[in-house]
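# Report on the structure
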Amino acid sequence: MIMKRVSNIGLAMAMTLGVWLGSESVRASEVGLEQGPSGGAMVADALVARPLLAVATVGGVAVFLVSLPFSALGGNVDEAAETLIKTPAEAAFRRCLGCRVSRRGDEY
């Protein structure tokens, strides 16, 4: 009973944070401000996105290893590695806190 209540509160907080962060980016783009990520975006990134992206990277490695024989036969090992490992790893470990793209791009 308590766990269900805690999970409901966590879900409500996550939804509220998502709506709030989404409205902040819309408001900034409407005004035409070129600014860095907000504090809320940094907190959400550190507490939610980065751990999920790290898990996605580990999962991508596992899927890549399982699919490696098939990728090798199909000749697309590089594309599979890029999609399954490199993309989530760069998002988790290379981009700045709260940014939406990795350091390769100059956008937020």
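Everything in this summary refers to the structure shown in the same document. As the structure is a prediction and not an experimental result, all values here were calculated from the model.

## Points about the environment of alanine 46
- Relative to the helices and strands, alanine 46 is located in helix H2 (residues 39-74).
- Residue classification places alanine 46 among the partly exposed residues on the basis of a relative accessible area of 36%.
- Residues in contact with alanine 46, not counting those within four places in the same chain, are Pro51 and Leu97.

## Describing the packing of H2 against helix H3 (residues 77-93)
- Packing of H2 against H3 brings their axes to within 8 Å, and their N-to-C directions diverge by 170°. Here H2 lies roughly antiparallel to H3, going by the angle between them.
- Split into classes, the residues belonging to the contact of H2 with H3 amount to 18 nonpolar, 4 polar and 1 charged.

Here is what the cut-offs are and how they apply
Counting restarts for each chain, with residues numbered from 1 along the sequence as it is written. Confidence filtering applies because this is a predicted model: local features only for residues at pLDDT of at least 70, side-chain atom pairs given and counted only at 80 or more, and all residues used for totals across whole chains, interfaces and linings. Each side-chain value is derived from all of the structure's non-hydrogen atoms; neither hydrogens nor water enter the calculation. Helix numbering and strand numbering both begin at the N terminus, where a helix is a DSSP run of H or I of at least 4 residues and a strand a DSSP run of E of at least 2. To sort residues, take the accessible area from a 1.4 Å probe on protein chains only and compare it with the maximum for the residue type: under 20% means buried, over 50% means exposed, and anything in between is partly exposed. Any two residues whose heavy atoms approach within 4.5 Å at even a single point are treated as in contact. Axis definition: a line fit to C-alpha positions, over the contact stretch in the case of helices; interaxial angles, taken between N-to-C directions, run 0 to 180 degrees. The scheme is simple: roughly parallel for angles under 35 degrees, roughly antiparallel for over 145, roughly perpendicular for 65 to 115, oblique for anything else. Gly falls in the polar group here, along with every residue not listed as nonpolar (Ala, Val, Leu, Ile, Met, Phe, Trp, Tyr, Cys, Pro) or charged (Asp, Glu, Lys, Arg).

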